[in-house]
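Spelled out from the first residue to the last, the chains are:
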Amino acid sequence: MPKAKKNIDKQKKIKLKITFWIKYHTVFGEQIFLTSEHSFCKHKPIPLQYFNEDFWCITLPFVEDDIVNETIAYYYYVTKNETIIAVDNKHDKTFNPSKYKSSVQIVDSWNNSYDAENIFFTKPFKDFLLKNNAPQLSNKPAKKYTHTFKVKAPLLQKNQTLCIVGNIDELNNWNIEKPLLLQKDAENMYYTVQVNIQASTTMIEYKYGVYDTVKKTFIHYEEGKNRVLYDATINSKNVFINDGFAVLPSITWKGAGVAIPVFSIRTNNSFGVGEFLDIQLLADWAEQTDIKLIQLLPINDTTVTHSWQDSYPYAAISAFALHPIYLNIETLLTDATKKLQLKYKTEKNKLNKHTTLQYETVVKAKWKYIQQIYTTQRDTLFSSTEYKNFFHQNKHWLIPYAAFCYLRDEYGTANFYEWILYKKYKEEDIIALTKENTAAYYDIAIHYFVQYHLHKQLKQAVNYAHKKSVVLKGDLPIGVHKYSAEVWQQPHLFNEHLQAGAPPDAFAVKGQNWGFPTYNWEKMKATNFYWWQQRLVQMNEYFDAFRIDHILGFFRIWSIPAHAIEGIMGYFVPALPIRKNELIEKGLHNNLKRFTKPFITDAILQALFGVNKTFVIENYVQKNDDNTYSLKETYATQIQVEKAFEALPKNELNNKIKLGLFDIISNVILFEIDNSKGEAFHFRFDMGTTFSYQQLDEHTQQQLKELYIDYFFHRQNELWKSEAYQKLPILKELTNMMICGEDLGLVPNVVPEVMKTLAIASLEVQRMPKTFDKKFSYPNDAPYISVVTPATHDMSTIRGWWKEDKNITQTFFNSVLLQKGKAPENCEAWINKAIIEQHLYSSAIWSIFQLQDLLGADEDIRRENVDEERINIPANPYHHWCYRMHITVETLIEQKQFNTALKKIIQLSGR
């Protein structure tokens with residue numbers, strides 16, 4: 001058998017040879033590889049051969065089986081000492097071997113993924129904002145040619161194209177009066193020109209330039225040295241030169257955006273809440289003011305309790321399903337449901353009068369109408385081809401989600417551990433439950449019905465916005481609810497014993513506990529991140545860009561044990577721990593119990609509980625032999641305390657005692673790692689603020705402080721960088737949406753480097769500088785690939801912030817706004833406007849503003865009560881997300897003076 005196979009292989013003739021050239025300056029010890037997922041690479045990287053210090057090459061033979069009629073993507077990478085040190089952009093090099101009839105030379109230019117120009121080939125720019133910019137030329141395709149030149153220039157102005165001239169007759173001998181003009185290709189990627197080169201020379205020099213097709217004049221050359229072709233590629237008859245980017249100014253495009261949750265949009269068509277179709281009116285307003293982007297909060301279904309607590313948009317029960325609250329009912333009403341129309345309009349008018357979102361009332365009312373409409377339309381819809389296609393494409397998540405919703409309502413809880421027959425997801429059980437002939441089918445299929453219509457309405461809104469040259473930016477939450485369809489269906493992908501959150505900061509001094517299970521990244525990696533692939537495919541249906549919520553979680557996630565309530569009880573995962581031998585070296589090992597258990601003394605109890613100290617001693621702690629105290633076993637964890645107090649009356653005293661006990665439990669210096677047998681520890685964050693640390697002697701404090709600083713700010717950097725590079729590049733490869741990262745909070749030193757390398761836009765907030773030596777960041781110092789904003793949904797608006805701390809606003813007034821004297825008590829419209837203008841004139845590619853902040857620049861339009869403008873308070877886990885616009889979008893569109901003024905400052909700023 002082996003001999004026969006050998007004879008067959010001999011018979012396979014080489015049909016084609018392709019020589020790949022890559023221009024990349026190397027130094028001794030570096031090696032360049034070409035790689036592709038296609039079989040022509042034989043499923044392993046191919047080492048190239050050194051040509052000179054600027055070029056490497058390889059000639060590959062193609063047999064008949066290799067010559068397929070498909071576009072094959074490939075890229076290069078560089079190693080030194082067997083370590084990858086540079087990776088070429090993976091998305092801009094392709095070839096189709098079936099198009100070639102003889103030997104071919106492909107000359108490539110290296111494309112750093114972090115080069116600014118690459119962002120202009122992501123979905124929002126390539127498909128919408130920069131689409132069809134190039135003029136159509138009357139160039140006829142050359143009948144005979146040897147060389148095809150391809151180059152990218154995304155930011156040419158209207159009526160401009162690229163041209164090429166060089167030092168040979170075929171390139172017009174540097175004659176800029178008669179340059180060769182390049183034509184934009186059909187994919188809106190490259191400018192190309194075909195040239196028949198017969199010159200016999202060892203080197204061709206050439207350059208691209210910008211040409212005005214209306215005035216028919218040469219404008220200017222690209223920057224930099226002349227480009228060069230060597231003899232190896234000059235005298236060939238089939239040469240494709242991929243010249244990368246023309247060297248032109250690359251950071252000139254800037255855009256302005258508006259941020260608002262869908263639920264906050266208010267129109268005359270609203271039903272007490274913003275709906276997907278309302279985005280269309282917002283796009284009309286955006287077009288009117290030259291705003292190019294609408295940023296939304298997460299739009300997934302969050303229905304856990306059927307209460308106002310479900311208003312939190314980051315706790316989804318499905319990473320795929322859309323929230324039913326955003327469904328426009330009115331468009332579903334037909335002649336068969338005339339009686340409903342009158343009731344609906346009456347209820348709509350009543351709900352639209354509310355200044356805030358009445359979440360429970362709206363959801364309950366919508367489901368009432370949905371159920372009545374469903375019974376009259378379901379059979380017709382379910383037999384339609386369009387619906388069947390939708391169901392087939394989405395059934396991987398739609399069936400489990402619908403079953404989850406049905407069982408949640410049947411059992412009266414989303415806690416699937418209480419679902420007697422279905423606590424563990426078994427595919428065969430769900431298939432049986434969701435069959436069309438079961439009694440439960442129509443109760444389950446109502447969720448198919450709702451998701452189909454939500455999908456259609458959102459797609460309608462997206463398509464409408466695109467016609468207005470407005471793109472949509474979504475939000476990718478860092479987690480899902482612990483009682484969600486995903487955790488139920490795929491528990492192996494999550495760490496249910498840990499809760500995701502954030503360490504303490506100025507906005508939440510006890511940290512944040514979001515309650516989400518953390519991801520089991522090892523399990524996800526084993527599937528090549530298939531769940532994330534599906535998630536991004538779903539997002540790509542609706543969005544052109546997206547914000548990675550808490551991108552720091554891809555480096556390390558703040559993980560809080562299931563027995564804790566407050567974020568302060570967490571630690572970073574992964575993290576290199578403090579080892580016992582390190583404590584021994586510092587002479588600290590004899591105090592391990594003191595460091596790892598709550599330190600409780602009479603003085604601490606007095607400080608925390610005051611006159612209630614005796615009551616606490618009698619009920620919650622027990623005295624030790626050394627006159628300190630320990631918590632009773634029944635109150636040893638925060639979750640035990642929380643459950644105990646649930647049975648007590650809700651009053652100020654009980655709440656004070658509960659929070660005091662939480663403080664006692666968190667009054668530790670080290671957390672011992674489970675199963676480490678006392679050999680490994682994590683530091684408690686903000687160790688220096690604990691009573692335990694403050695009552696140590698100065699020497700011990702200093703020894704602990706040295707370890708603490710190393711633990712949080714030095715030793716983890718390489719580990720966290722490695723973690724990010726295992727995950728974030730996968731996300732980049734899976735989508736062409738523009739990616740932005742919310743990189744606020746305690747930002748590791750390696751984060752800016754990784755985000756820059758991957759061309760992920762950072763978030764720059766003026767009141768949250770990323771260096772400790774500054775009180776404020778300056779928008780004009782922001783990197784180009786970034787989003788600047790004066791505030792996010794987790795913060796007060798400009799006006800709200802102005803009155804929070806008079807000392808801070810006074811400093812800002814004098815040092816940032818450069819105004820003399822005392823700052824006004826309230827943020828007057830001119831101050832608000834000045835801050836907006838600072839951001840519009842920034843160096844960042846995007847300036848995005850909360851709608852409230854834009855309206856705050858006008859005394860007549862702004863909301864009277866500034867406290868009603870805030871969307872979220874992160875420190876409050878029970879916050880009700882209920883912000884609504886105080887005027888309708890229709891009214892906003894009618895504000896001609898305001899809109900004209902806003903458009904003018906946007907245009908003057910170059911956005």
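The structure under discussion appears in the preceding block.
To keep things clear, this report deals only with the structure shown in the data block. (Residues numbered from 1 in each chain as written. Predicted model: local features only at pLDDT ≥ 70, side-chain atom pairs only at ≥ 80, totals over all residues. Heavy atoms only, no water.)

Considering all chains together, one arrives at 80 aromatic pairs under this definition. Relative to Tyr 221, the ring of Phe 218 lies with its centre 4.9 Å away and its plane at 65°, an arrangement referred to as edge-to-face. Look at Phe 685 and Phe 712: their rings are 5.3 Å apart centre to centre, the planes differ by 85°, and that puts the pair in the edge-to-face class. Of this pair, Phe 685 sits in the loop between strand E32 (680-683) and helix H19 (691-694) while Phe 712 sits in helix H20 (residues 698-713), placing them 27 residues apart in sequence. (Phe/Tyr/Trp six-rings, centres within 6.5 Å; stacked < 30°, edge-to-face > 60°. Helix = DSSP H or I, 4+ residues; strand = E, 2+ residues; numbered from the N terminus.)

The next subject is a nonpolar patch on the surface. On the surface, a cluster of nonpolar side chains totalling about 340 Å² of accessible area is made up of Ile 709, Phe 713 and Phe 772. Tracing the backbone through its elements, the reader meets Phe 772 in the loop between strand E34 (762-765) and strand E35 (786-789). Owing to a relative accessible area of 80%, Phe 772 belongs among the exposed residues under this scheme. (Patch = residues over 30% accessible without salt bridge, like charges linked within 9 Å, V, L, I, M, F, W, Y side chains within 5 Å. Areas by Shrake-Rupley, 256 points an atom, 1.4 Å probe, with all protein chains shown as cover. Salt bridge = Lys/Arg side-chain N within 4 Å of Asp/Glu carboxyl O. Buried < 20%, exposed > 50% of the residue type's maximum accessible area, 1.4 Å probe, protein only.)

Glancing now at empty space enclosed by the protein. For the structure on display, the rule yields 11 cavities of 30 Å³ or more. Counted as a void, the largest cavity has a volume near 230 Å³. Contributing to the lining of the largest cavity are 22 residues, with Ala 259, Gln 295, Arg 547, Thr 792 and His 793 lying nearest its centre. Of all the elements in the fold, those that place two or more residues in the lining of the largest cavity are strand E33 (738-741), E34, E35 and strand E36 (846-850). Per-class residue counts for the lining of the largest cavity are 12 nonpolar, seven polar and three charged. (1 Å grid on protein atoms, 1.4 Å probe; cavity = no way out; pocket = protein on both sides within 12 Å on 5 of 7 lines; lining within 4 Å. Points joined across faces, edges and corners; volume = space filled by probe spheres on them. Nonpolar A, V, L, I, M, F, W, Y, C, P; charged D, E, K, R; others polar.)

So, about the nonpolar core. Counting 205 residues, the largest nonpolar core has Trp 285 and Phe 683 as its most contacted members. Ranked by the residues each element gives to this core, the list is headed by helix H9 (residues 441-467), at 13 residues. Not counting residues up to four positions away in its chain, the partners in contact with Phe 683 are Ile 578, Ile 669, Leu 670, Phe 671, Leu 704, Leu 707, Tyr 708, Tyr 711 and Phe 712. The next biggest cluster of nonpolar side chains, apart from the first, holds 29 residues, and it includes Ile 164, Leu 171, Ala 199 and Val 210. (Core = buried A, V, L, I, M, F, W, Y, C linked by side-chain atoms within 4.5 Å. Contact = heavy atoms within 4.5 Å.)

Relative to the helices and strands, His 466 is located in helix H9. Residue classification places His 466 among the buried positions, given a relative accessible area of 15%.

Attention now goes to the sheet that holds strand E26 (residues 557-561). Read from one edge to the other, the open sheet built from four strands follows the order E24-E23-E26-E27, with strand pairing classed as antiparallel. On the outer flanks of this sheet lie strand E24 (512-519) and strand E27 (571-573), each paired with one strand and no other. Across the sheet, the mean angle separating the axes of adjacent strands is 55° when strand polarity is ignored. Pairing of strand E23 (residues 494-502) with E26, which is carried by four bridges, proceeds in the antiparallel orientation. Within E26, the position partnered with Gly 501 by the bridge is Trp 558. (Pairing = 2+ DSSP bridges. Axes fitted to C-alpha atoms, helices over the stretch in contact; angles between N-to-C directions.)

Geometric values such as these leave the question of function open.
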